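A look at the structure
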Amino acid sequence: MKNLMLEIISGKRVTKEEALELFGYESEDLFLASSKIRKKYKGNKIKVCSIINAKSGECSENCKFCAQSTFNKTDVKVYPLVDTEKIKEVSTRALENVGCFGIVSSGNSLNDEEISKLCEMFKTHKKVSHLGVSIGKISDETFLKLKEAGIKKMHHNLETSENFYPNICSTHSYQERVDTLKRAKKFGFELCSGGLFGMGESLKDRIDLAFTLKELGSDSVPMNFFMPIKGTALAHLPTMMPIEILKTIAVFRIILQNPDIMICGGRELHLRDIQSWIFQAGANGMMTGGYLTTNGRDIATDKQMIKDLGLELEIE
Ligand code: SF4
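The written sequence of each chain sets the order in which its residues are numbered from 1. At least 70 in pLDDT is required for a residue's local features to be given in this predicted model, at least 80 for side-chain atom pairs to be given and counted, and no such filter applies to totals for whole chains, interfaces and linings, which use all residues.

Points about the site of the ligand
The criterion, for reference: Proximity of a residue to a molecule or strand is defined by its backbone-placed C-beta atom lying within 6 Å of that partner. Gly is placed with the polar residues, together with every amino acid not listed as nonpolar (Ala, Val, Leu, Ile, Met, Phe, Trp, Tyr, Cys and Pro) or charged (Asp, Glu, Lys and Arg).
In the vicinity of the ligand, the residues found are Cys59, Glu61, Cys63, Cys66, Gln68, Ser69 and Ser106. In terms of residue class, the shell around the ligand is made up of three nonpolar, three polar and one charged.

Given below as structure tokens:
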């Protein structure tokens, strides 16, 4: 085993240059280090979350990977904000089996009426502290309303590096996304921010994203792996190889150290029979039950996988 790997196992923090070097290492060595770091911070506990697509389609933004953008011609379902009592019912049921539930809406932001409806519901939700919201751009006033309503976690992905971002979206800037996260942190929210991999970005872009998330203090890092969706501008791209996905997870664990690393979109499609390797690679969590516009796996199968590995489902 190379010296750098032995140093990482002994607690060394890597530089960007060293992190890039890790992609060339044998996966066995890489996973030995990344799984040790996972165990150091997370023990045997595995977190599982699920989401509702609370408002779908007709988004004014031009994210090239997204089925919900009006710039992409897809057959995604289009509907306004789901009745908040329905959201409450679905989330309450889901939280019997998962530790965190995300309410995700399409579009650049929600309007005042939509925010008020959600906040009224949050105030009566018995498990509000287990809810997270992903509602795009947020004003200071809305941050305050959400806080008062009991929301603790804010989800807002950076998607990729600042350098690569103009290749996937031009209707809003990377800096706007960073600012939203910084303001969320200032208001005392836990941050849930990660990315989507396999959109043509370089390995260096992935490393840059990991370091940016580390600097911003993201508490939870969702990792999604690009799934080509018919009608989107990136539909022609090839999918990632499973080993590349696992190595990317391992490098993120080695860079980030303590934050939760949650494996989300693309897990079932790309990893197939080796989905359980995500924990060996360093992840300590996953999303279950489907994604925004694509299907996933049911919670019972995922719970069985965790049990079979001798790991423990954490429901906070
Ligand atoms: S990723 Fe979000 S902001 Fe971008 S097009 Fe899709 S719904 Fe809109």
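Quick look at the pairing of strand β1 (residues 45-55)
Our working rule: Here exposure depends only on C-beta density: within 10 Å of a residue's C-beta, 20 or more other C-beta atoms make it buried, 12 or fewer make it exposed, and intermediate numbers make it partly exposed, the C-beta atoms being placed from the backbone. Comment: elements are numbered from the N terminus, with helices defined as DSSP H or I runs of at least four residues and strands as E runs of at least two. Here a strand pair is declared whenever DSSP counts at least two bridges between the two strands.
With ten of eleven residues buried, β1 is to be regarded as a mostly interior element. Strand direction decides the pairing type here: β1 and strand β10 (residues 312-314), joined by three bridges, are parallel. Its bridge partner being in β10, Lys47 is matched across the sheet by Glu314. Pairing of β1 with strand β9 (residues 285-287) involves three bridges; the strand directions are parallel. Residue pairing for β9: Cys49 is matched across the bridge by Met287. Strand direction decides the pairing type here: β1 and strand β2 (residues 100-105), joined by six bridges, are parallel. Bridge pairing in β2 places Asn53 opposite Val104.

Section: the packing of helix α4 (residues 84-94) against helix α5 (residues 112-123)
For clarity, the cut-off: To get an axis, a line is fitted to the C-alpha atoms, and for a helix only the part in contact is used. The angle between two axes follows their N-to-C directions and goes from 0 to 180 degrees. Oblique is the label for any angle not covered by the other classes, which are roughly parallel (under 35 degrees), roughly antiparallel (over 145) and roughly perpendicular (65 to 115). The handedness criterion is simple: a crossing whose near helix is rotated anticlockwise from the far helix by less than a right angle is left-handed, and one whose near helix is rotated clockwise is right-handed. Contacts here follow a simple rule: the backbone-placed C-beta atoms of the two residues must lie within 7 Å.
Running from N to C, α4 and α5 point in directions that differ by 45°, and their axes come no closer than 9 Å. Relative to α5, the element α4 lies oblique. Two packed elements cross with a definite hand, and for α4 against α5 that hand is right-handed. Touching Thr84, Ile87 and Lys88 of α4 are Lys117, Leu118 and Met121, all from α5. Residues that form the contact of α4 with α5 fall into these classes: three nonpolar, one polar and two charged.

Quick notes on the pairing of strand β3 (residues 131-134)
Selection criterion: Every crossover in which the path from the first strand over the helix to the second runs clockwise, viewed with the strands pointing away from the viewer, is termed right-handed.
Side chains Leu131 and Val133 project from β3 onto one buried face, and the interleaved Gly132 and Ser134 project onto a second face that is buried too. Sheet topology places β2 next to β3; four bridges connect them, and they run parallel. Bridge pairing in β3 links Val104 to Ser134. For the segment spanning β2, α5 and β3, crossover handedness is right-handed. Relative to strand β4 (residues 153-155), β3 runs parallel, the two being bridged by two bridges. Along β4, the bridge assignment pairs Gly132 with Lys153.

Regarding helix α8 (residues 203-216)
Convention followed: The span expected for a helix works out to 1.5 Å for each residue beyond the first.
Its 14 residues place the ends of α8 20 Å apart at the C-alpha level, agreeing with the 20 Å of an ideal helix rising 1.5 Å per residue. Every buried residue of α8 is listed here: Asp205, Arg206, Ile207, Asp208, Leu209, Ala210 and Leu213. Contacts made by the buried residues of α8 are with α2 (16-22), β6 (195-197), β7 (220-225) and α9 (242-256). With its phi angle positive at about 75°, Gly217 sits one or two positions after the end of α8.

A short note on unusual backbone geometry
The phi torsion of most residues other than glycine is negative, and most of the peptide bonds are trans. At Gln257, a residue that is not glycine, the phi angle is positive and equals roughly 65°. By the element assignment, Gln257 lies in the loop between α9 and β8 (260-263). Phi is positive for Arg272, which is not a glycine, with a value near 40°. For Arg272, the location among the structural elements is in the loop between α10 (267-271) and α11 (277-281).

Concerning the packing of α8 against α9
At a closest axis distance of 10 Å, the pairing of α8 and α9 adopts a crossing angle of 35°. For α8 against α9, the interelement crossing comes out right-handed. Contacts between α8 and α9 involve Arg206, Ala210, Phe211, Leu213 and Lys214 from the former and Thr248, Phe252, Ile255 and Leu256 from the latter. Across the contact of α8 with α9, the residue classes break down as six nonpolar, one polar and two charged.

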